[in-house]
Amino acid sequence: MTTEMQEITITEGKPLLTGQADSSKQDAELAARILLDQGQEHSVETPHGVLHVTLHGTRNSRRPAILTFHDVGLDSKSCFQPLFKFDEMQEIVKNFTLIHIDAPGQEDGAAVYPAGYQYLSMETIAEMIPAVLQFFNFRTVIGVGVGAGAYILTRFTLANPDSVEGLVLVNIDPNARGWMDWAAQKLSSVTSSLTEQIMSHLFSQEELSSNTDVVQSHRERINKAPHLLNIELFWKTYNSRRDLNLDRSSTFKCPVMLVVGDQAPYEDAAVECNSKLDPTSTSFLKMADAGGLPQLTQPAKLTEAFKYFIQGMGYMASSCMTRLSRSRTTSLSSSYSVEGSRSRSRTLSQGSQGGQMPPSPSQTMEVSC
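The structure displayed is predicted, hence computed values, not measured ones.

**Student:** I would appreciate a short explanation of the overall build of the protein chain in the present structure.
**Tutor:** For the protein chain, the count of helices and strands is 15 helices and 9 strands. Considering the protein chain as a whole, with its 369 residues, one finds that 51% of them fall into the buried category. At a minimum sequence separation of 6, the contacts of the protein chain that also span at least 24 residues come to 76%. For the protein chain, the computed accessible surface area is about 17600 Å², with 51% contributed by carbon and sulfur atoms.

Here it is in structure tokens:
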């Protein structure tokens, strides 16, 4: 009997344990891949209604989450998926949790609001974001916003400065619409369809004239959107935004990177915004051949700039900056000189580039690589 028991232990016990361990590991890896690729969708209750939010990664609150907010005519997927699925962005994606917020009623499959529905103001939408952080148990975030999303995240940051460690604003327009803008918008609403108004907001005239594949796909998507009424409400509330009243003395506690294409509809607004911010903590990236949506048309350039930005905050110190470092001498130029010698509490560190430092945060970079 003793011999039989020994045979059972040797021939069956060890293989069973090994197989169970391998199976558990494979299941965990598969679940992790699914979570990174598809994300977890949540309906988050806030004081002003429900927000549709997609989480990629785990709720690891030891680092800030990367929180995104999209532009008018887009949702979180169409606005950010090409950027965050870009190969060289995966180094960041694997180390940070991504929280993608859809503006009320803008997500794919959203129920159409009834006629006469009073859509939330831009300020109220910004006030919904703290509930998202609380829901996922994150104390701080790095905000990435485009257009209307950039405005909303700026509102959120001004009201909650301790919750934001860094801010990336693409196509930011901090100003309320003046009388001339209002008159032009009224005329446009008479002569142009809603889709064409939004397309002129998203893309440059050069892009619209050339009718690129990106332009065609977005025009078709907006035209066929079953919740087009919701998109119109978001568009109207963005055009009714108030002035952010930015100034150098009392604006942001965190570093900010402003991004705009050199042909973008909001290039002048972004330049003006840059002039109002503290140059010692603000980077202004003007991207050549980027058009109105650089995160879609030039994800490689924006990824490298974002890696530098993350490094400057003290994260991802060992990141490989091959593309931007290789092209700095020929592709980056400062549009104005650095005003004196400045330093930052969290300097932009370089992992393995021979001590070469990235551009100063007080410089404007015109990227043409």
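After that view, the rundown keeps rolling.
**Student:** How should I be thinking about the environment of Asn 274 in this particular structure?
**Tutor:** Structurally, the position occupied by Asn 274 is in helix H12 (residues 267–276). Along the chain, Asn 274 and Phe 284 lie 10 residues apart, while their C-alpha atoms are 6.7 Å from each other.

**Student:** Got a minute to help me understand the nonpolar core in this structure?
**Tutor:** Taken as a class, soluble globular proteins show a tendency for nonpolar side chains to be buried jointly. In terms of nonpolar packing, the biggest core is built from 93 residues, with Ile 99, Ile 101, Ile 129, Phe 234 and Phe 306 touching the most fellow members. Here this core gets 6 residues from one element, more than from any other, and that element is helix H6 (residues 148–159). Excluding its chain neighbours within four sequence positions, the residues that come into contact with Ile 129 are Leu 67, Phe 69, Ile 101, Ile 152, Leu 153 and Phe 156.

**Student:** Before we go on, may I ask you to explain helix H11 (residues 228–239) in this structure?
**Tutor:** Given 3.6 residues to a turn, an α-helix orients residues that are three or four positions apart in the same direction. Between its first and last C-alpha, H11 extends 17 Å over 12 residues, near the 16 Å set by a 1.5 Å rise per residue. Within the span of H11, buried status applies to Asn 230, Ile 231, Leu 233, Phe 234, Trp 235, Thr 237, Tyr 238 and Asn 239.

**Student:** Is there a simple way to think about the side chain of Arg 241 in this case?
**Tutor:** In this fold, Arg 241 is placed in the loop between H11 and strand S7 (256–261). A distance of 2.9 Å separates the side chain of Arg 241 from the side chain of Asp 173, its partner in a polar contact. The contact partners of Arg 241, leaving out residues within four places of it in the chain, are Met 122, Tyr 151, Asp 173, Asn 175, Ala 176 and Arg 177.

**Student:** Can you walk me through the pattern of salt bridges in this structure?
**Tutor:** A side chain of one charge can pair with a side chain of the opposite charge if their charged atoms are brought near each other. Going through the model one piece at a time under the given rule, you end up with 11 salt bridges. Its salt-bridge partner being Lys 307, residue Glu 91 comes within 3.1 Å of it at the nearest N-O pair. Here the residue Glu 91 occupies a position in helix H3 (residues 90–93), and Lys 307 occupies one in helix H14 (residues 299–312), the gap between them amounting to 216 residues. The buried category is assigned to Lys 307, whose relative accessible area is 4%.

**Student:** Would you mind going over the packing of aromatic side chains with me for this structure?
**Tutor:** By convention here, two paired aromatic rings are described through the distance between centres and the angle between planes. Within the structure shown, the criterion is met by 6 aromatic pairs. Judged by centre distance (6.2 Å) and plane angle (55°), the rings of Phe 80 and Phe 84 are tilted. Of this pair, Phe 80 and Phe 84 both sit in helix H2 (residues 76–84), 4 residues apart, which is roughly one turn of the helix. Here Phe 80 matches Phe 84 in class, with each residue buried. When the ring of Phe 135 is compared with that of Phe 136, the centres are 4.9 Å apart and the planes differ by 85°; the resulting orientation is edge-to-face. Residue class for Phe 136 comes out buried when judged on its relative accessible area of 1%. Following the ring pairs from residue to residue traces out a cluster consisting of Tyr 113, Tyr 117, Tyr 119 and Phe 234. When the ring centre of Phe 96 is taken as origin, the NZ or CZ atom of Arg 63, which lies over that ring, is 5.0 Å away. Arg 241 extends its terminal NZ or CZ atom over the ring of Tyr 238, reaching a point 4.1 Å from the ring centre.

**Student:** It is not clear to me how the pairing of strand S3 (residues 65–69) should be interpreted in this structure. Could you clarify?
**Tutor:** As a general feature of sheets, a regular strand has side chains that alternate between the two faces. Counted residue by residue, S3 has 5 buried out of 5 residues, so it is predominantly covered. Going residue by residue along S3, you find Ala 65, Leu 67 and Phe 69 tucked away on one face and Ile 66 and Thr 68 tucked away on the opposite face as well. Note: S3 against strand S5 (residues 141–146), 5 bridges, orientation parallel. Along S5, the bridge assignment pairs Leu 67 with Gly 143.

About the criteria used
Positions within a chain are numbered from 1, following the residues in the order the chain's sequence is written. Only residues with pLDDT of at least 70 get local features here, since the model is predicted, and only at 80 or more are side-chain atom pairs given and counted; chain-wide, interface and lining totals rely on the full set of residues. Heavy atoms from the whole structure form the basis of all side-chain values; hydrogens and water molecules are not counted. Comment: elements are numbered from the N terminus, with helices defined as DSSP H or I runs of at least four residues and strands as E runs of at least two. Working definition: with a 1.4 Å probe on protein chains only, accessible area under 20% of the residue-type maximum means buried, over 50% means exposed, and in between means partly exposed. The contact criterion used is simple: two residues touch if any of their non-hydrogen atoms lie within 4.5 Å. The protein chains shown are the only cover counted for residues, whose accessible areas, like all others here, come from Shrake-Rupley with a 1.4 Å probe. Buried Ala, Val, Leu, Ile, Met, Phe, Trp, Tyr and Cys residues that are joined via side-chain atoms within 4.5 Å together make up what is termed a nonpolar core. To estimate how far a helix should reach, multiply one less than its number of residues by 1.5 Å. Residues adjacent in sequence count toward polar contacts only when both atoms are side-chain atoms; beyond that, a polar contact is any pair of N or O atoms within 3.5 Å, and within protein one must be able to donate a hydrogen and the other to accept it. Salt-bridge detection follows one rule: a side-chain nitrogen of Lys or Arg within 4 Å of a carboxyl oxygen of Asp or Glu. For Phe, Tyr and Trp, rings pair up if their centres lie within 6.5 Å, where Trp contributes its six-membered ring, and each pair is then called stacked (planes under 30 degrees apart), edge-to-face (over 60) or tilted (otherwise). Our definition puts a charge over a ring when NZ of Lys or CZ of Arg is within 6 Å of the ring centre and also within 35 degrees of the ring normal. A pair of strands is labelled paired if DSSP reports no fewer than 2 bridges between them.

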